[in-house]
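# Architecture and fold: a report
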Amino acid sequence: MSDTAEAIAQVRKAVEPDKPKQVLRTLGHSIREYKKASILAPVFVAVEGILEILIPTIMASLIDEGITGGSMPATVKFGVILLICAMVSLGAGFLSGKYAAVAGAGFAKNLRKDQFEKVQGFSFTNIDRFSTGSIVTRLTTDVTNLQNAYMMIIRLGVRAPIMVVVAWLFSFRISPSISMVFLACIPILAIGLCGLVVLVHPVFERVFHTYDELNNVVDENLQGIRVVKSYNRESHEIGKFGRISERIFKDFTKAERIMSFNSPLMMICIYGTMLLIAWMGAQQIVASGNNAALGLTTGDLTALVTYAMQILMAMMMLSMIFVMFIISQASAERICQILNEE
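Remember, it's a predicted structure, so these values are computed and weren't measured experimentally.

The secondary structure content of the chain amounts to twelve helices and zero strands. Listing the helices and strands of the chain from first to last along the sequence gives α-α-α-α-α-α-α-α-α-α-α-α. For the chain, the spread of C-alpha atoms along the principal axes amounts to about 90 × 40 × 40 Å. Across the 342 residues in the chain, those meeting the buried criterion constitute 42%. Contacts spanning at least 24 positions in sequence make up 86% of the contacts within the chain whose residues lie at least 6 apart.

Structure below.
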């Protein structure tokens, strides 16, 4: 009886999710020689994001001082500055994408290598505890999920917060009252995204466990193919595979149906914000007579609309990262169970 209880305790310990800090510490060891690329990618992303935020302000000066003011020297000056900022931003974006791809692919390569080396030292008890299908899933699907998540974190995960914070500060400098519209959207999006995380995470955990069962069925069928054909059990094996595949289909459909609420929520916030900015900005322009000393100008309103799109697109990036984080969270815990197994 005590042996049975001990075996159950060991199984529970094996499948128990690691704490977030322990998961990050365990996965961090697999970055190794790709630390340089993992640092350079966020640096170039930051440069690209800051330049993109400066461009609307330069554009506003071009409109107010050059086009509306009728000054050709000002138009040429701000036009050249815009061209330089755009070219530097393009180069920084290219380099950030390159280093993010190198870091993500290298991180995945090391994860597969570390897991494979760990599995080579497993006893038969360890292998039976995880099952062959589960180990195959952790070496393939789970690693791919973490690779995609890591690339998004070191690129979009750095770009989106910079865009939100700095763009809001620039919009606050132009019009404090209109910039408050952005702050009203943040709690709505945060509550919606947190709700999606709570609902979807258990579904993805169940999907990955079902993947393990699917791989086990395929492995058993291939290893015992002679027995299956000898006893004419092909229809039984096909039915067993079909039932598990149907469960994966239903779980993924349920998860995607829940996650589909993310897009309408973002669209409501985007278009609601644009309407409020246009309405409030038009009132301030009419009240000030397009005089910068008295209030808002046409160039300022153009910059505010651009900042609004940048902020809301950055929020959409964050929502994409949340979705990828939900998917990869279960994969990270499952990989760490392999790497931390004694």
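Now, onward.
To continue, consider the environment of Ala46. With respect to the helices and strands, Ala46 occurs in helix H3 (residues 35-67). As for Ala46 and Ser96, which are separated by 50 residues in sequence, their C-alpha atoms are 9.1 Å apart.

Attention now moves to helix H7 (residues 141-174). When the terminal C-alpha atoms of H7 are compared, their 47 Å separation across 34 residues agrees well with the 50 Å that a helix rising 1.5 Å per residue should span. Taken as a whole, H7 carries its principal kink of about 40° at Ile153.

The next thing to look at is unusual backbone geometry. Phi at Arg32 is positive, roughly 45°, even though this residue is not glycine. The residue Arg32 is located in the loop between helix H2 (20-28) and H3 in this model. You can call Arg32 partly exposed: its relative accessible area is 34%.

This brings us to the confidence of the model for the chain. Residue-level pLDDT values for the chain average 78, and 92% of them are 70 or greater. The spread of mean pLDDT over the elements of the chain runs between helix H1 (residues 2-15), the lowest at 43, and helix H4 (residues 72-120), the highest at 88. The model gives residues 1-18 a pLDDT under 50, and that stretch makes twelve contacts with residues more than four places away or in other chains.

The next thing to look at is the environment of Glu65. Along the polypeptide, Glu65 turns up in helix H3. For Glu65, a relative accessible area of 43% translates into the label partly exposed. The sequence separation of Glu65 and Tyr307 amounts to 242 residues, and the corresponding C-alpha distance is 20 Å.

This next bit is on the environment of Arg233. Tracing the chain through its elements places Arg233 in the loop between helix H9 (225-230) and helix H10 (234-259). Along the primary structure Arg233 and Lys113 are separated by 120 residues, whereas in three dimensions their C-alpha atoms are 37 Å apart.

For the rest of this paragraph, the subject is the packing of H2 against helix H12 (residues 298-339). Contact pair H2 / H12: the axes reach a minimum separation of 10 Å and the direction vectors enclose 65°. As summarised for this structure, H2 and H12 are arranged roughly perpendicular, according to the angle between their axes. For the pair H2 and H12, the sense of crossing is left-handed. Residue-level contacts link Val23, Thr26 and Leu27 of H2 to Ala332, Ile335, Cys336 and Leu339 of H12. Considering only residue class, the contact of H2 with H12 consists of six nonpolar, one polar and no charged.

The nonpolar side chains of a soluble globular protein tend to be buried, and buried together. Counting residues in each nonpolar core, the largest one holds 45 residues, and the members touching the most others are Val200, Phe204, Ile277 and Leu296. Of all elements in the fold, only H3, H7, helix H8 (176-223), H10, helix H11 (262-288) and H12 reach the threshold of two or more residues within this core.

Per the stated rule, a full pass over the model turns up six salt bridges. Arg32 is the salt-bridge partner of Asp114, the closest N and O atoms lying 3.1 Å from each other. With Asp114 in helix H4 and Arg32 in the loop between H2 and H3, this pair connects stretches of sequence that are 82 residues apart. Between Glu48 and Arg159 there is a salt bridge, with its nearest N and O atoms 3.2 Å apart.

Take H10 next. Taking 1.5 Å as the rise per residue, H10 with 26 residues should run 38 Å; its terminal C-alpha atoms sit 37 Å apart, in good agreement. Residues of H10 that are buried include every one of Glu237, Ile244, Ile248, Asp251, Ala255, Ile258 and Met259, and no others.

Nonpolar side chains collect at one region of the surface, where Ile39, Val43, Val47, Met72, Val76, Val80, Ile84 and Val88 lie side by side and expose about 700 Å² of accessible area between them. No other element matches the five residues that H4 contributes to the nonpolar patch. When you line up the elements, Ile84 lands in helix H4.

Cut-offs and rules
- Going along each chain's sequence as written, the residues are numbered from 1 onward.
- The predicted nature of this model means local features are confined to residues of pLDDT at least 70 and side-chain atom pairs, given and counted, to a pLDDT of 80 or more, with totals for whole chains, interfaces and linings taken over all residues.
- Excluding hydrogens and water, the side-chain figures rest on all heavy atoms present in the structure.
- By definition, any uninterrupted DSSP run of H or I lasting at least four residues is a helix, any uninterrupted run of E lasting at least two residues is a strand, and each is numbered from the N terminus.
- Each residue is placed in one exposure class: buried if its accessible area under a 1.4 Å probe, protein chains only, is under 20% of its type's maximum, exposed if it is over 50%, and partly exposed if it falls in between.
- Every residue pair with non-hydrogen atoms within 4.5 Å of one another is taken to be in contact.
- To estimate how far a helix should extend, the number of its residues minus one is multiplied by 1.5 Å.
- What the bend at a residue measures is the angle between two axes, fitted to the seven residues ending there and to the seven starting there.
- For every residue, the predictor states its confidence as a pLDDT score lying anywhere from 0 to 100.
- Axes here refer to lines fitted to C-alpha atoms; in helices the fit is confined to the stretch in contact. Angles between the N-to-C directions go from 0 to 180 degrees.
- By the definition adopted for this analysis, an angle is roughly parallel if under 35 degrees, roughly antiparallel if over 145, roughly perpendicular if from 65 to 115, and oblique otherwise.
- Should the near helix be turned anticlockwise from the far one by less than a right angle, the crossing is termed left-handed; should it be turned clockwise, right-handed.
- Lys, Arg, Asp and Glu make up the charged group, whereas Ala, Val, Leu, Ile, Met, Phe, Trp, Tyr, Cys and Pro make up the nonpolar group; the residues left over, Gly among them, are polar.
- The set of buried Ala, Val, Leu, Ile, Met, Phe, Trp, Tyr and Cys residues whose side-chain atoms join them within 4.5 Å is what this entry labels a nonpolar core.
- Here, a salt bridge means any side-chain nitrogen of Lys or Arg that lies within 4 Å of a carboxyl oxygen of Asp or Glu.
- Patches in this entry comprise residues that are over 30% relatively accessible and not in a salt bridge; like charges within 9 Å are linked, as are nonpolar side chains (Val, Leu, Ile, Met, Phe, Trp, Tyr) within 5 Å.
- For the accessible areas, the method is Shrake-Rupley and the probe is 1.4 Å, while residue cover comes only from the protein chains on display.

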